[in-house]
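Topology and contacts: notes
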Amino acid sequence: MAGKGKRRFLCVWFPWLVTERLARREPELARQVTAAIEEQRGRLVLAAVNRRAQHAGLTPGMVLADARAVQPVLQTRFVNRAADRASLVRLANWATRYTPWAGLADENSLFLDISGCAHLFGGEAALADDLVRRLAGFGLTPLVGIADTPGAAWAACRARQEEGTILAPFESLTDAMTALKDFPLPTLRLSPDVLDSLTGFGLRTLGALYPLERRALTERFGAEPVERLDQALGVTDEPISPIAPVPPHQAREAFAEAIATREAIDGALRLLLDALCRSLAESGEGARRLVLACHRADGSVCRLRLGTSRASRWPAPLFRLFAERLDEIDPGFGIEVMALAATRTEPLAAAQADWRAKDGGGAGLAELVDRLGNRFGFGRIARPRPHQSWLPERAVEEAQPFAAAGGTNWPAGRERPLRLLAPPEPVEAMAPVPDDPPVLFRRRGKAYRVRSADGPERLEGEWWLKDEPPRDYYMVEDEEGRRYWLYRQGLYEPGTAPRWFLHGVFA
Amino acid sequence: MTGTAQTDIVARLRERIRRIEGIGEAGGRGTLRLGLEAVERALPDGGLPLAGVHEIRGGEDGAATGFCAALLARLQAGDGRPVLWLERRRELYMPGLARFGLTPGSVLTVSDIVRDADMLWAVEEALQCGALAAVVGEIRAADFTASRRLQLAAEAGGVTCLLLSGLRHGGAATALSRWQVTGLPSFGDGTGVGSPCWRVELARCRNGRPAAWTLIWSPRGWAAVETASEESGLPDDLRAAI
């Protein structure tokens, strides 16, 4: 296993997840013989049982009628697979307090890649204890296995009844084979029918598979047993899919005692930013999106997301961005782990555009845009540039603040208003002569007498926007010198009243 | 004491006051020339002090916005850095602003800042950043403390601040200058709409002299006419333009 020896996986198995979830809602179920049931081929069968039910001899897959014969006082609830899965996903999210590499292994266990992060929690055994203690606090019974491969970890948490196992790092393949030799066959993560046929041949342990010829095994039982065995022993790699995309750059701090004061949070954030920025500097990147996750003592997670207008890896300005919003974090009973991740990064040596290089003002401007963007939303900040379109509202493109400036200027020679109303405001206009400008229009109950007017200027949408009728625009000036941009929608048609809109205001 | 000596003393004292206040040439910021002799005569040192707060008030028409855009373009042209326009709504239309000399890409906008508290925060932040030629904030009202904060931020960042407010609202409690701009019927031959024409009133100006003018904006820039009826007083090039 040379070269792979550094990777360590933790598998946490919740053997009673379904019934424990039921017991969270109805605590009395925990003290009774309980089973979750579902319909299968027209019969009600047990989908999951609780510990008492198992002791009473009930097992999943049993027909409900048979189970009732054994245990007349059986409590039953219908199983809700979607809710069970959702609760497992929540647990995986919670587990990101230990590592970002947390994913679902199957319907009642999770994989955690704890490579290189166990020391933050005082070693693997301490991490496992911590995990078990906290999960027990949620009313769950977790079994933990730690090993060099996900497969071996999956086996390790199931190998012994009611107890987890930490397998020492494998020195070699022989070492791995010895470690897993006595593990029962069901710990190999096989589908039920494959497992049935293997046990049918009298195979009881993983060790029993070693002497068998791989080709024969594959021919008789399919690819699964060989594949699973190779994965468990580390002959082939098995990727685990994390519950959330794992950011390439992240840092975390675990606190011996939960913190709750603003000073402590500030201090931890500075440490995290320093670590994250170092990591970004090593790969020549800068952060565009950052997520600060605060794992509270009660298991809930509070996340603070913010963005920057351009890549940054300087702790001080990033800290100021966070500082303005740290009040949003409610520490609750205290924060135990803080994790900071750069969820979007960009190469930092990106081309410098326009004014950014001038006077060294670029950094200051970027910081300002970030502060405004994080308070009001980046969507509200724009650096308008021309866009090819006849429709006035489409002739401007709201470019990103640091996008390259469009080389073209605004079309000259056409009068355009200083302010454009979006959407255009319907007005009542009197235009006694068709295709002549209106002589009067009313807006919000106020009459405006037109003194002079220019127009019409006919503007039509692009050909692919056929549904919009053409507009005839008039620039009108009222008696007090106020100038407006009005348009009549559609062509004049006898018998129908034309619709007029106020679209803009001139200087 | 002769009249000249008195004028000298007054000038020196004004200079000292300005230095204490951090305004004007003494502060190394200079002034903005408007290119209008009639208006410059009323302003201290013949121009609008940079790195300070100026208020422009107007009605529902676009006159104040146009005047503001023209000032911005002059500020930006002498500087090269962008300007930031903080909007109460999302209405600014760049093709229209371009007529007053603002080029694409030179204007950054932040829209829909509805609350005055947010607006004042944003203006102050922007002034402190120092990477802008000017900042425009559309405010309803700013009390004395808020206006003073903006003035200090403008001085610290070396950025000129224009506050655009409506006539119906309180506006800023203090500013280096306060302008009131309203539209006037344009001069024209009766067949179409002429060039924009505004009544620009300098209502208050520190070290300046309140006055009012009629300004006409043509594609070549602006010009002052003595009275609205005095069309013959227009410069020839302007008359050709309108």
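The shown structure was predicted, so the numbers you read here are calculated from the model rather than taken from an experiment.

A word on the overall build of chain B. Scanning chain B from terminus to terminus reveals 7 helices and 13 strands. Burial status across chain B gives 49% buried among its 242 residues. A sequence separation of at least 24 residues applies to 62% of the contacts in chain B between residues at least 6 apart.

On to the overall build of chain A. Secondary structure summary: chain A contains 13 helices and 20 strands in total. Burial statistics for chain A: of 507 residues in total, 38% are counted as buried. Within chain A, counting contacts between residues at least 6 apart in sequence, those at least 24 apart form 58% of the total.

Once that is clear, we can look at the pairing of strand β12 (residues 335–347) of chain A. Sheet faces and side chains relate simply in a regular strand, where the side chains alternate between the two faces. Residue and element names in this part refer to chain A. The pairing of strand β9 (residues 249–259) with β12 spans 7 bridges and is classified as antiparallel. Following the sheet pairing, E253 is matched in β12 by M338. Of the pairings in the sheet, the one linking strand β10 (residues 285–296) to β12 comprises 11 bridges and is antiparallel in character. Bridging across to β12, R296 finds its partner in I335.

Turning our eyes to something else, we now look at the packing of helix α6 (residues 150–159) of chain A against helix α10 (residues 224–233) of chain A. Residues and elements named next belong to chain A. Look at α6 against α10: their axes get within 5 Å of each other, and the N-to-C directions meet at 90 degrees. The orientation of α6 relative to α10 falls into the category roughly perpendicular. Along the contact surface, α6 presents G151, A152 and A155, while α10 presents R228, Q231 and A232. Residues belonging to the contact of α6 with α10 are distributed by class as follows: 3 nonpolar, 2 polar and 1 charged.

Before going further, it helps to spend a moment on the nonpolar core. Formed by 105 residues in total, the largest nonpolar core has its most connected members in B:F67 and B:L72. Per-domain counts for this core show at least three residues from each of domain 2 (249–375) and domain 3 (419–505) of chain A. What B:F67 contacts, discounting residues up to four positions off in sequence, is B:I56, B:W179, B:V181, B:W198 and B:V200. Listed in part, the 68 residues of the second largest apolar core include A:I37, A:A47, A:V79 and A:L91.

Okay, the sheet that holds strand β18 (residues 471–478) of chain A next. Pairing between sheet strands relies on hydrogen bonds along the backbone, with the strands arranged either parallel or antiparallel. Taking strand neighbours around the barrel as the criterion, the 6 strands line up as β15-β16-β17-β18-β19-β20 (chain A) in a closed arrangement whose pairing is antiparallel. Ignoring strand direction, the axes of neighbouring strands in this sheet form an average angle of 45 degrees.

Residue and element names in this part refer to chain A. Mapped onto the elements, C302 comes out in strand β11 (residues 301–312). The spacing of C302 and E328 is 26 residues in sequence and 9.1 Å in space, taken between C-alpha atoms. The residues touching C302, leaving out its near neighbours within four places in the chain, are C294, R296, I329 and D330.

With 45 residues of chain B in contact, the opposing surface of chain A contributes 49 residues. When contributions to the side of chain B that touches chain A are tallied by element, the ones reaching two or more residues are α3 (63–77), α4 (94–97), β5 (107–110), α5 (116–129) and β10 (177–184) of chain B. Within the side of chain B that touches chain A, the residues separate by chemical class into 24 nonpolar, 15 polar and 6 charged. Pairing of strand β13 (residues 381–386) of chain A with β5(B), which is carried by 2 bridges, proceeds in the antiparallel orientation. Its bridge partner being in β5(B), A:A382 is matched across the sheet by B:T109.

Turning our eyes to something else, we now look at the confidence of the model for chain A. Residues and elements named next belong to chain A. Residues with a pLDDT of 70 or more make up 94% of chain A, whose mean pLDDT is 86. Across chain A, strand β1 (residues 9–13) holds the top mean pLDDT of 94, while helix α13 (residues 361–376) sits lowest at 81. Low pLDDT (under 50) marks residues 1–5, which in the prediction has 7 contacts with non-local residues, meaning those over four places away or in another chain. Overall, residues 350–361 carries pLDDT values under 50, and its contacts beyond four positions in sequence, including any with other chains, amount to 17 contacts.

Residues and elements named next belong to chain A. Spatially, 5 strands are ordered β5-β6-β1-β7-β8 in an open sheet, and the strand pairing comes out mixed. Unpaired on one side and paired on the other, β5 (102–106) and β8 (165–166) mark the two borders of the sheet. Examined bridge by bridge, β1 and strand β7 (residues 143–147) share 5 bridges and lie antiparallel to one another. Following the sheet pairing, W13 is matched in β7 by L143. Contacts from helix α4 (residues 81–95) reach β5 and β6 (109–113) within the one sheet, and its direction differs from that of β5 by about 145 degrees. Where helix α5 (residues 124–137) meets the sheet, it contacts β1, β7 and β8, and its direction lies at approximately 155 degrees from that of β7.

A word on the packing of helix α1 (residues 17–25) of chain A against α4(A). Residue and element names in this part refer to chain A. In the contact formed by α1 and α4, the axes pass within 10 Å of each other and the chain directions differ by 90 degrees. When the interaxial angle is binned, α1 and α4 end up roughly perpendicular. Residues L17, V18 and R21 of α1 lie in contact with α4, whose contacting residues are D84, S87 and L88. Among the residues forming the contact of α1 with α4, the class breakdown is 3 nonpolar, 1 polar and 2 charged.

Cis geometry is found at the peptide bond from A:A422 to A:P423, where omega equals -5 degrees. Tracing the backbone through its elements, the reader meets A:P423 in strand β15 (residues 419–430). Not every positive phi belongs to a glycine, and A:R189 is a case in point at roughly 60 degrees. Within the secondary structure, A:R189 is located in the loop between α7 (173–180) and α8 (192–200). Within the chain, B:A51 stands out as a residue other than glycine whose phi angle is a positive 50 degrees. Looking at where B:A51 falls in the secondary structure, it is placed in the loop between β2 (48–49) and β3 (53–58).

About the thresholds
- Counting from 1, residues in each chain are numbered in the order their sequence is written.
- The naming scheme follows written order: chains are lettered A onward, ligands numbered 1 onward.
- Two thresholds apply to this predicted model, a pLDDT of at least 70 for residue-level local features and 80 or more for giving and counting side-chain atom pairs, whereas whole-chain, interface and lining totals are computed over all residues.
- Labels follow the DSSP assignment, with helices taken as runs of H or I lasting at least four residues and strands as runs of E lasting at least two, numbered in each case from the N terminus.
- The burial label depends on the number of other C-beta atoms within 10 Å of a residue's C-beta. Counts of 20 or more mean buried, 12 or fewer mean exposed, and intermediate counts mean partly exposed, with C-beta atoms placed from the backbone.
- The contact criterion used is a C-beta to C-beta distance within 7 Å, with each C-beta placed from the backbone.
- In this scheme, strands are said to pair when DSSP sees at least two bridges between them.
- Interaxial angle, 0 to 180 degrees, is taken between N-to-C directions of lines fitted to C-alpha atoms, where a helix line uses only the stretch in contact.
- Angles are sorted into four bins: roughly parallel if under 35 degrees, roughly antiparallel if over 145, roughly perpendicular if 65 to 115, and oblique for all others.
- The nonpolar class holds Ala, Val, Leu, Ile, Met, Phe, Trp, Tyr, Cys and Pro. Asp, Glu, Lys and Arg form the charged class, and all remaining residues, Gly among them, are polar.
- Core membership is restricted to buried Ala, Val, Leu, Ile, Met, Phe, Trp, Tyr and Cys residues, and these are joined into a nonpolar core through C-beta atoms within 7 Å.
- Domain start and stop positions are those given by an automatic or database domain assignment.
- Known as pLDDT, the predictor's confidence for each residue is given on a scale from 0 to 100.

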